[in-house]
Amino acid sequence: MAFIPDGDAPWTGLIVTAPRDGGLDLFNADGEIVTRMTGPRLSGLAVSPNFALRGEALPLIIGVDTQDNILRAYVLVRSGPDAIEAPLAPITMPAASNLCFVREGAGFVEIAVLGRDATAEIWRISDSGGDLIGTELIRSYTLPAPARSCTSIDGAVYTGGPTSSLLKLETDGTVSAQTPFNAVHMASSRLSGRAVIIAASGQDETLQVFDAQSLANITTARIVMGLSTPGIARPGAMAITEASYGGASYQSGLVAIIDEDDGRVRVIARESFARDVILAD
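Only a predicted model underlies this, so the values are computations on that prediction, with no experimental measurement involved.

A. Structural detail: the overall build of the protein chain. Helix and strand counts for the protein chain come out as 2 helices and 24 strands. Taking 19 Å as the expected radius of gyration for a compact globule of 281 residues, we find that the protein chain reaches 18 Å, a close match to that expectation. Overall size of the protein chain, expressed as C-alpha extent along the three principal axes, is 55 × 45 × 35 Å. When burial is assessed residue by residue, the protein chain has 54% of its 281 residues classed as buried. Summing over all exposed atoms, the protein chain offers an accessible surface of approximately 12300 Å²; the carbon and sulfur share of this is 48%.

Written out as structure tokens, the structure is:
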């Protein structure tokens, strides 16, 4: 799951998910589906909202096709909206399992790609003017155990999985912090000015909130039905954005989480999420 904000018309920003039956689903900020695109099943999504492609700034969506063991890229045509597959140069990783956004700069986006073995790699994607969108390996990590989920904030990459600890990886490849939590789903953000990692095991209704610097546990939380928040029985894939989605409630960003109990996308104002999550007993 990932956000596709629109700086020119914030209220038209979208959320993209990769459903289990394949393809891409595009939702509006109210969690209502607006477009469904058929295609291969993808694991993990990363979005560059203003990717420089052939002289234009277009949203680029990247996901792992685990069946064919390739990365696929899609360009979003906002007027549809519709996602069109774009030619991406091969990423030569033996077997990829997931990916996440790391950072973007002038003319490029960087993503972390997790291997099915205990590896992770940072790849830079840019339009070099050739027939294919260019890919370049920036660095590689060897992990203590295979990871299946990741996120990034302030230059560090965080990895986790159902049988591995939550790790913080620095740019030189060292593990600078870890905590024994099986993070099947995770996202990063700043809440009340503090960089945090929010993770779910996929087994219950709770979310664990960790300090991004030390991975110390800040709180255990769950999201219950309230005036400004929908209840979530079992948090799954999640994404957080600080980009404005318009209106008084959504101008400071959004949190989107899939409830694994019914497969529906729940959307919460980031400000409300930071204020109203209920601490577990």
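Now that the structure is up, let's keep going.
B. Spatial organisation of the packing of aromatic side chains. For the coordinates displayed, the defined rule picks out 2 aromatic pairs. Here Phe3 and Tyr245 contribute two aromatic rings whose centre-to-centre distance is 5.6 Å and whose plane-to-plane angle is 75°, an arrangement assigned as edge-to-face. Highlighted residues: Phe3 in strand β1 (residues 2-4) and Tyr245 in the loop between β21 (235-241) and α1 (247-250), separated in sequence by 242 residues. Taken as a pair, Phe3 and Tyr245 share a single burial class, namely buried. Considering the side-chain rings of Phe181 and Phe210, the 5.7 Å spacing of their centres and the 50° angle between planes classify their relative orientation as tilted. Residue Phe181 is found in the loop between β16 (175-179) and β17 (185-191), and its partner Phe210 is found in strand β19 (residues 206-211); the two are separated by 29 residues along the sequence. The class for Phe181 is buried, based on a relative accessible area of 17%.

C. Region of interest: the sheet that holds strand β9 (residues 96-105). Strands sit in the order β9-β10-β11-β12 across an open sheet of 4 strands; the sheet is antiparallel. Pairing within the sheet leaves two strands with one partner each, and these edge strands are β9 and β12 (134-142). Strand-to-strand, the axes of this sheet are offset by a mean angle of 25°, without reference to chain direction.

Rules and cut-offs
Residue numbers restart at each chain and count upward from 1, following the sequence in its written direction. Where totals are concerned, whole chains, interfaces and linings use all residues; where local detail is concerned, this predicted model gives features only for residues with pLDDT of at least 70, and gives and counts side-chain atom pairs only at 80 or more. Calculation of side-chain values draws on the structure's entire complement of heavy atoms; hydrogens and water are dropped beforehand. Helix and strand assignments follow DSSP, with helices taken as H or I runs no shorter than four residues and strands as E runs no shorter than two, numbered in order from the N terminus. Only the C-alpha atoms count toward the radius of gyration. The rule for a globule is 2.2 Å times the residue count to the power 0.38. For each residue, the accessible area found with a 1.4 Å probe, counting protein chains only, is set against the maximum for its type, and the residue is called buried under 20%, exposed over 50%, and partly exposed in between. Here, Shrake-Rupley sampling with a 1.4 Å probe gives the accessible areas, and only protein chains in the shown set may cover a residue. Note on ring pairs: Phe, Tyr and Trp rings are taken, using the six-membered ring of Trp, and paired if centres are within 6.5 Å. Classes follow the plane angle, with under 30 degrees stacked, over 60 edge-to-face and the rest tilted. For two strands to count as paired, DSSP must find a minimum of two bridges between them. Comment: axis = line fitted to C-alpha atoms, over the contacting stretch for helices; angle = value between 0 and 180 degrees taken between N-to-C directions.

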